[in-house]
Every structure is written in structure tokens, then in C-alpha cells.
Amino acid sequence: MRFLTMICAAALAICGTGRAQSSVDMITVHFSTPVMVAGTTLPAGDCTIQVLRGSSDNIVLAVRPESGKAVSVLVNRFSDSNTVTNGQASVILSRRDTGYHLDQILLPDHTGFQVLD
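Every value quoted in this text rests on a predicted model; they were computed, and no experiment measured them.

What counts and how
Residues numbered from 1 in each chain as written. Predicted model: local features only at pLDDT ≥ 70, side-chain atom pairs only at ≥ 80, totals over all residues. Heavy atoms only, no water. pLDDT = per-residue confidence, 0-100. Helix = DSSP H or I, 4+ residues; strand = E, 2+ residues; numbered from the N terminus. Contact = heavy atoms within 4.5 Å. Phe/Tyr/Trp six-rings, centres within 6.5 Å; stacked < 30°, edge-to-face > 60°. Lys NZ or Arg CZ within 6 Å of the ring centre and 35° of its normal. Pairing = 2+ DSSP bridges.

Peer 1: Could you give an account of the confidence of the model for the protein chain, with specific residues and numbers?
Peer 2: On average, residues of the protein chain carry a pLDDT of 78, and 79% of them reach 70 or more. When pLDDT is averaged over each element of the protein chain, strand β5 (residues 59–65) comes out on top at 92 and helix α1 (residues 2–22) at the bottom at 40. Scored below 50 in pLDDT, residues 1–24 makes four contacts in the model with residues more than four places away or belonging to other chains.

Peer 1: So, the environment of Val91: which residues are in play, and what are the values?
Peer 2: You can see Val91 is positioned in strand β7 (residues 90–96). C-alpha of Val91 to C-alpha of Ile49: the two residues are 42 residues apart in sequence and 9.9 Å apart in space. With residues up to four places along the chain from it excluded, the contact list for Val91 reads Val29, Phe31, Ile49, Leu102, Gln104 and Ile105.

Peer 1: Let's hear about the packing of aromatic side chains: which residues, and what values?
Peer 2: All chains considered together, the criterion is met by zero aromatic pairs. Positioned above the aromatic ring of Tyr100 is the side chain of Arg95, whose terminal nitrogen or guanidinium carbon lies 5.1 Å from the ring centre.

Peer 1: Just give me the short version of the pairing of strand β6 (residues 71–79), but keep the residues and values in it.
Peer 2: Of the pairings in the sheet, the one linking β5 to β6 comprises five bridges and is antiparallel in character. Across the sheet, Leu61 pairs through a bridge with Val73, a residue of β6. Where β5 hands over to β6, the hairpin turn is made up of five residues, of which Gly68 adopts a positive phi near 100°. One ladder, built from five bridges, connects β6 with strand β9 (residues 111–115); its direction is antiparallel.

This is how it looks when you write it as C-alpha cells:
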């Protein structure tokens, strides 16, 4: 009986690990101007934005430019069925006194992420 319990626990752990790894999304974007993310200025150029979902309700975006250091930013999930996505992800920047800031990411399924200040 103890052996069967250990096998079931190992199977659940493997399934949980597989599920955690499959819930990662990656977005590639090209910024034509430097963009501010979480207080860090990213240089113009290609960036990848990885959506990291952990075991808690918090969602973190890891923004990695081609050169320079990566930045992590906390976001809230939202749904916006009124926005046209054309089947592609969209990165929305806001213009402030200090330049452009990462504000939202809208996904093709009309859900998205709002960057927390």
C-alpha cells in the first residue's frame, strides 16, 4: 500500500511539472525606440516577453532585450472583447514625460496583461 501511494505521488508531481512548463507564453516584439519597463530603460531593438505563471495568482513578465539586462514586471490579467486583435498579440506603450513605457499586452484571444505601476 505504501508503494502504491509513492507511485501515485510521483505521478502527480510529474504531471504538475509538465503542466507548469506548458503554461509559459512567449511574445517577440521589436521596439524602434527605447522603452521603459519597471524603471529600467530597454534599448531599441528586438525583445522577447515571456509570461511566467507560478503556483500563486501573481503573473510576471520577463522582458529580455537582445542586449542589456532582462527585466521582470508584475502584471494583472484582463479581458477586453471590444478590441480588434487580427489574430496577433499587441504591445501597447504609453507616452509619459520620460519616454515610452510598457503599459499593456493584448493577446489574440482578447485577454491581456496590464503592467502594475
